[in-house]
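# Breakdown of the fold
The chain contents come next:
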Amino acid sequence: DDMKLISFSDSLILYSKNDSLKSVTDILAQSSLIMLYAIFMGIPIKGAIAYGLQTADFNHNLHFGIPIIDAHQLQDELLLYGVVVHNTFEQYLVQKDTLNTFIKSKIIFNFSAPMKSGDIDHYILNWPMFVKDREGIFSKLAELRRKTSGHPRKYIDNTLKFIEKAPVANLNTFLA
(Lines give C-alpha, C1' and ligand atoms only; values in the text may rest on other atoms or scores of the structure.)
Protein backbone atom coordinates (compact mmCIF):
# COMPACT_ATOMS: atom_id res chain seq x y z
CA ASP A 1 0.00 0.00 0.00
CA ASP A 2 2.93 2.34 0.57
CA MET A 3 4.39 1.78 -2.89
CA LYS A 4 3.13 2.92 -6.29
CA LEU A 5 4.29 2.30 -9.83
CA ILE A 6 4.15 5.28 -12.17
CA SER A 7 4.51 4.80 -15.90
CA PHE A 8 4.92 7.48 -18.54
CA SER A 9 6.77 7.75 -21.84
CA ASP A 10 9.59 5.20 -21.62
CA SER A 11 9.95 5.44 -17.84
CA LEU A 12 8.81 3.46 -14.83
CA ILE A 13 9.09 4.99 -11.38
CA LEU A 14 8.60 3.04 -8.18
CA TYR A 15 7.59 5.46 -5.49
CA SER A 16 7.34 4.81 -1.76
CA LYS A 17 5.41 6.98 0.68
CA ASN A 18 7.93 6.26 3.43
CA ASP A 19 11.47 5.06 3.93
CA SER A 20 10.79 2.07 6.17
CA LEU A 21 12.84 -1.10 5.89
CA LYS A 22 9.76 -2.82 4.47
CA SER A 23 9.43 -0.17 1.74
CA VAL A 24 13.12 -0.44 0.86
CA THR A 25 12.85 -4.24 0.68
CA ASP A 26 9.69 -3.97 -1.45
CA ILE A 27 11.34 -1.52 -3.87
CA LEU A 28 14.37 -3.80 -4.26
CA ALA A 29 12.22 -6.90 -4.74
CA GLN A 30 9.79 -5.23 -7.15
CA SER A 31 12.65 -3.71 -9.16
CA SER A 32 14.19 -7.17 -9.48
CA LEU A 33 10.92 -8.68 -10.63
CA ILE A 34 10.38 -5.89 -13.17
CA MET A 35 13.88 -6.52 -14.56
CA LEU A 36 13.25 -10.26 -14.81
CA TYR A 37 9.87 -9.82 -16.45
CA ALA A 38 11.28 -7.36 -18.97
CA ILE A 39 14.20 -9.62 -19.90
CA PHE A 40 11.93 -12.65 -20.27
CA MET A 41 9.60 -10.57 -22.46
CA GLY A 42 12.54 -9.45 -24.60
CA ILE A 43 12.35 -5.85 -23.42
CA PRO A 44 15.78 -4.39 -22.65
CA ILE A 45 15.60 -2.00 -19.70
CA LYS A 46 17.93 -0.39 -17.21
CA GLY A 47 17.45 1.83 -14.21
CA ALA A 48 18.74 3.33 -11.00
CA ILE A 49 17.50 3.62 -7.45
CA ALA A 50 17.91 7.02 -5.78
CA TYR A 51 16.70 8.29 -2.42
CA GLY A 52 15.19 11.59 -1.36
CA LEU A 53 12.09 13.71 -1.18
CA GLN A 54 10.10 14.30 -4.31
CA THR A 55 6.72 15.67 -5.28
CA ALA A 56 4.12 13.16 -6.38
CA ASP A 57 0.70 14.52 -7.26
CA PHE A 58 -1.18 11.49 -8.57
CA ASN A 59 -4.38 13.44 -9.29
CA HIS A 60 -2.58 15.76 -11.73
CA ASN A 61 0.09 13.24 -12.79
CA LEU A 62 2.91 15.52 -11.64
CA HIS A 63 6.12 13.89 -10.45
CA PHE A 64 9.35 15.79 -9.94
CA GLY A 65 12.29 16.03 -7.61
CA ILE A 66 16.01 15.52 -7.29
CA PRO A 67 15.79 11.70 -6.82
CA ILE A 68 14.08 11.34 -10.20
CA ILE A 69 16.80 13.41 -11.86
CA ASP A 70 19.56 11.53 -10.01
CA ALA A 71 18.16 8.15 -11.03
CA HIS A 72 17.65 9.22 -14.64
CA GLN A 73 21.16 10.60 -15.00
CA LEU A 74 22.80 7.55 -13.43
CA GLN A 75 20.82 5.01 -15.47
CA ASP A 76 21.69 6.99 -18.61
CA GLU A 77 25.39 6.28 -17.93
CA LEU A 78 24.83 2.54 -17.36
CA LEU A 79 25.82 0.23 -20.22
CA LEU A 80 24.03 -2.94 -19.14
CA TYR A 81 20.50 -4.11 -18.50
CA GLY A 82 20.21 -3.76 -14.77
CA VAL A 83 19.61 -1.40 -11.87
CA VAL A 84 22.43 0.60 -10.32
CA VAL A 85 22.30 2.09 -6.82
CA HIS A 86 22.73 5.88 -6.68
CA ASN A 87 24.94 7.22 -3.91
CA THR A 88 21.90 8.84 -2.21
CA PHE A 89 20.31 5.41 -1.75
CA GLU A 90 23.62 3.89 -0.69
CA GLN A 91 24.06 6.65 1.91
CA TYR A 92 20.52 6.08 3.15
CA LEU A 93 21.26 2.36 3.64
CA VAL A 94 24.47 3.21 5.53
CA GLN A 95 22.62 5.76 7.70
CA LYS A 96 19.94 3.17 8.56
CA ASP A 97 22.67 0.55 9.19
CA THR A 98 21.10 -1.81 6.62
CA LEU A 99 23.64 -1.77 3.76
CA ASN A 100 25.44 -4.86 5.09
CA THR A 101 22.12 -6.64 5.56
CA PHE A 102 21.28 -6.22 1.87
CA ILE A 103 24.82 -7.17 0.84
CA LYS A 104 24.72 -10.33 3.00
CA SER A 105 21.33 -11.27 1.56
CA LYS A 106 22.94 -10.72 -1.87
CA ILE A 107 20.09 -8.54 -3.16
CA ILE A 108 22.76 -5.95 -3.99
CA PHE A 109 26.46 -6.43 -4.57
CA ASN A 110 29.45 -4.31 -5.49
CA PHE A 111 30.22 -4.54 -9.19
CA SER A 112 32.55 -2.78 -11.56
CA ALA A 113 29.68 -1.43 -13.63
CA PRO A 114 30.27 -0.54 -17.25
CA MET A 115 29.46 3.15 -17.58
CA LYS A 116 29.92 5.59 -20.46
CA SER A 117 33.05 6.95 -18.75
CA GLY A 118 34.49 3.49 -18.00
CA ASP A 119 34.02 0.77 -15.40
CA ILE A 120 33.00 2.25 -12.02
CA ASP A 121 32.35 0.38 -8.79
CA HIS A 122 28.72 0.69 -7.77
CA TYR A 123 26.24 -1.44 -5.92
CA ILE A 124 24.01 -3.19 -8.42
CA LEU A 125 20.66 -4.85 -7.85
CA ASN A 126 21.08 -8.62 -8.07
CA TRP A 127 17.92 -9.23 -10.11
CA PRO A 128 19.15 -12.65 -11.39
CA MET A 129 19.00 -13.96 -7.81
CA PHE A 130 15.29 -14.65 -8.26
CA VAL A 131 15.93 -17.29 -10.96
CA LYS A 132 16.97 -20.81 -10.02
CA ASP A 133 18.17 -21.71 -13.51
CA ARG A 134 19.89 -18.83 -15.25
CA GLU A 135 19.87 -20.60 -18.61
CA GLY A 136 16.50 -18.99 -19.38
CA ILE A 137 18.02 -15.54 -18.94
CA PHE A 138 20.98 -16.44 -21.14
CA SER A 139 18.57 -17.76 -23.77
CA LYS A 140 16.50 -14.55 -23.78
CA LEU A 141 19.62 -12.41 -23.99
CA ALA A 142 20.87 -14.58 -26.88
CA GLU A 143 17.57 -13.86 -28.67
CA LEU A 144 18.07 -10.11 -28.12
CA ARG A 145 21.68 -10.42 -29.31
CA ARG A 146 20.56 -11.96 -32.60
CA LYS A 147 18.38 -8.88 -33.20
CA THR A 148 21.13 -6.30 -32.59
CA SER A 149 24.44 -5.10 -33.95
CA GLY A 150 26.95 -2.49 -32.90
CA HIS A 151 26.55 -0.45 -29.72
CA PRO A 152 23.29 -2.07 -28.50
CA ARG A 153 25.04 -5.44 -28.52
CA LYS A 154 27.52 -4.08 -25.96
CA TYR A 155 24.65 -3.83 -23.44
CA ILE A 156 23.92 -7.52 -23.90
CA ASP A 157 27.58 -8.52 -23.60
CA ASN A 158 27.91 -6.44 -20.42
CA THR A 159 24.70 -7.92 -19.01
CA LEU A 160 25.97 -11.44 -19.62
CA LYS A 161 29.19 -10.60 -17.73
CA PHE A 162 27.11 -9.08 -14.93
CA ILE A 163 24.95 -12.21 -14.60
CA GLU A 164 28.05 -14.44 -14.48
CA LYS A 165 29.39 -12.33 -11.57
CA ALA A 166 26.04 -11.99 -9.78
CA PRO A 167 26.10 -14.07 -6.61
CA VAL A 168 23.63 -16.89 -6.29
CA ALA A 169 21.38 -16.25 -3.33
CA ASN A 170 18.87 -18.10 -1.26
CA LEU A 171 15.54 -16.43 -1.95
CA ASN A 172 14.18 -17.60 1.40
CA THR A 173 16.99 -15.74 3.18
CA PHE A 174 16.03 -12.51 1.43
CA LEU A 175 12.34 -12.87 2.20
CA ALA A 176 12.89 -13.83 5.85
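Residues numbered from 1 in each chain as written. Predicted model: local features only at pLDDT ≥ 70, side-chain atom pairs only at ≥ 80, totals over all residues. Heavy atoms only, no water.

The subject of this paragraph is the pattern of salt bridges. For the structure on display, the rule yields four salt bridges. The residue Lys 116 makes a salt bridge to Asp 76 at a minimum N-O spacing of 3.5 Å. With Lys 116 in the loop between strand 7 (108-115) and strand 8 (118-125) and Asp 76 in helix 2 (residues 66-77), the pair connects residues that are 40 residues apart, well separated along the chain. When its relative accessible area of 36% is taken as the criterion, Asp 76 is described as partly exposed. With its nearest N and O atoms 3.0 Å apart, the salt bridge here joins Arg 145 to Asp 157. Residue Arg 145 is found in helix 5 (residues 135-146), and its partner Asp 157 is found in helix 6 (residues 151-165); the two are separated by twelve residues along the sequence. For Arg 145, a relative accessible area of 30% gives the class partly exposed. (Salt bridge = Lys/Arg side-chain N within 4 Å of Asp/Glu carboxyl O. Helix = DSSP H or I, 4+ residues; strand = E, 2+ residues; numbered from the N terminus. Buried < 20%, exposed > 50% of the residue type's maximum accessible area, 1.4 Å probe, protein only.)

Time to look at a nonpolar patch on the surface. Taken together, the side chains of Tyr 37, Met 41 and Ile 43 make up a nonpolar region of the molecular surface, amounting to roughly 330 Å² of accessible area. Of note, Ile 43 is situated in the loop between helix 1 (21-40) and strand 3 (47-49). (Patch = residues over 30% accessible without salt bridge, like charges linked within 9 Å, V, L, I, M, F, W, Y side chains within 5 Å. Areas by Shrake-Rupley, 256 points an atom, 1.4 Å probe, with all protein chains shown as cover.)

Look at any regular strand and the pattern is simple: side chains alternate between the two faces of the sheet. With six bridges joining them, strand 1 (residues 3-8) and strand 2 (residues 11-16) adopt antiparallel strand pairing. Its bridge partner lying in strand 2, Lys 4 is registered against Tyr 15. Connecting strand 1 to the antiparallel partner strand 2 that follows it, the hairpin turn spans two residues, and Ser 9 within it adopts a positive phi of roughly 50°. (Pairing = 2+ DSSP bridges.)

With that out of the way, let us pick up the packing of helix 1 against helix 5. Axis separation between helix 1 and helix 5 bottoms out at 9 Å; the angle between their running directions is 50°. One finds that helix 1 runs oblique with respect to helix 5. Mapping the contact onto sequence places Leu 36, Ile 39 and Phe 40 in helix 1 and Gly 136, Ile 137, Lys 140 and Leu 141 in helix 5. Class assignment for the residues of the contact of helix 1 with helix 5 results in five nonpolar, one polar and one charged. (Axes fitted to C-alpha atoms, helices over the stretch in contact; angles between N-to-C directions. Parallel < 35°, antiparallel > 145°, perpendicular 65-115°, else oblique. Contact = heavy atoms within 4.5 Å. Nonpolar A, V, L, I, M, F, W, Y, C, P; charged D, E, K, R; others polar.)

Glancing now at the environment of Arg 145. As for Arg 145 and Leu 28, which are separated by 117 residues in sequence, their C-alpha atoms are 27 Å apart. Here Arg 145 is in contact with Arg 153, Ile 156 and Asp 157, once residues within four sequence places are set aside. Here Asp 157 takes part through its side chain, which lies 3.0 Å from a polar atom of the side chain of Arg 145. (Polar contact = N/O pair within 3.5 Å; in protein donor to acceptor, adjacent residues only side chain to side chain.)

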